[in-house]
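Okay, here's what each chain looks like letter by letter:
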Amino acid sequence: MKPLEILPTSHSFKVSFNAQTGILALEGKSFPEDSKLFFQPLIDWLNEFQKLKPNSATFNCNIDYL
């Protein structure tokens, strides 16, 4: 499964999801104009990750604004 990497912008936070390491990270501020457009790829990736039935995952959340 390919990692999901989204670089931060002035309206969205950094996303770094890696199935190999089990590390899922969100960092920064998020106030996208179209939240469904931004978050849908994250939801899709997480649904696929769940199907792998990982033994563990670490969620690092360092969000300043949501």
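Residues numbered from 1 in each chain as written. Predicted model: local features only at pLDDT ≥ 70, side-chain atom pairs only at ≥ 80, totals over all residues. Heavy atoms only, no water.

## Focus: the environment of Trp45
Line of reasoning, step 1. Within the secondary structure, Trp45 sits in helix α1 (residues 35-51).
Line of reasoning, step 2. In this structure Trp45 comes out as buried when scored by relative accessible area, which is 8%.
Line of reasoning, step 3. Leave out the neighbours within four places in its chain, and Trp45 touches Met1, Lys2, Pro3, Leu4, Phe17, Asn18, Ala19 and Leu24. (Helix = DSSP H or I, 4+ residues; strand = E, 2+ residues; numbered from the N terminus. Buried < 20%, exposed > 50% of the residue type's maximum accessible area, 1.4 Å probe, protein only. Contact = heavy atoms within 4.5 Å.)

## Examining the side chain of Ser16
Line of reasoning, step 1. Turning to its location among the elements, Ser16 is positioned in strand β2 (residues 14-18).
Line of reasoning, step 2. Within the local environment of Ser16, its side chain forms a polar contact with the side chain of Glu5, the two groups lying 2.9 Å apart.
Line of reasoning, step 3. In contact with Ser16, other than residues within four places in its own chain, are Leu4, Glu5, Ile23, Leu24 and Ala25. (Polar contact = N/O pair within 3.5 Å; in protein donor to acceptor, adjacent residues only side chain to side chain.)

## A word on the sheet that holds strand β3 (residues 23-29)
Line of reasoning, step 1. Overall, mixed pairing links the four strands, which are arranged β1-β2-β3-β4 in an open sheet. What marks the edges here is a single partner per strand, and that holds for β1 (4-6) and β4 (58-65). Averaged over neighbouring strand pairs, the angle between their axes works out to 5° when direction is ignored.
Line of reasoning, step 2. Pairing geometry for β2 and β3, over five bridges, is antiparallel. Within β3, the position partnered with Asn18 by the bridge is Ile23. (Pairing = 2+ DSSP bridges. Axes fitted to C-alpha atoms, helices over the stretch in contact; angles between N-to-C directions.)

Keep in mind that these numbers describe shape and distance, not what the molecule does.
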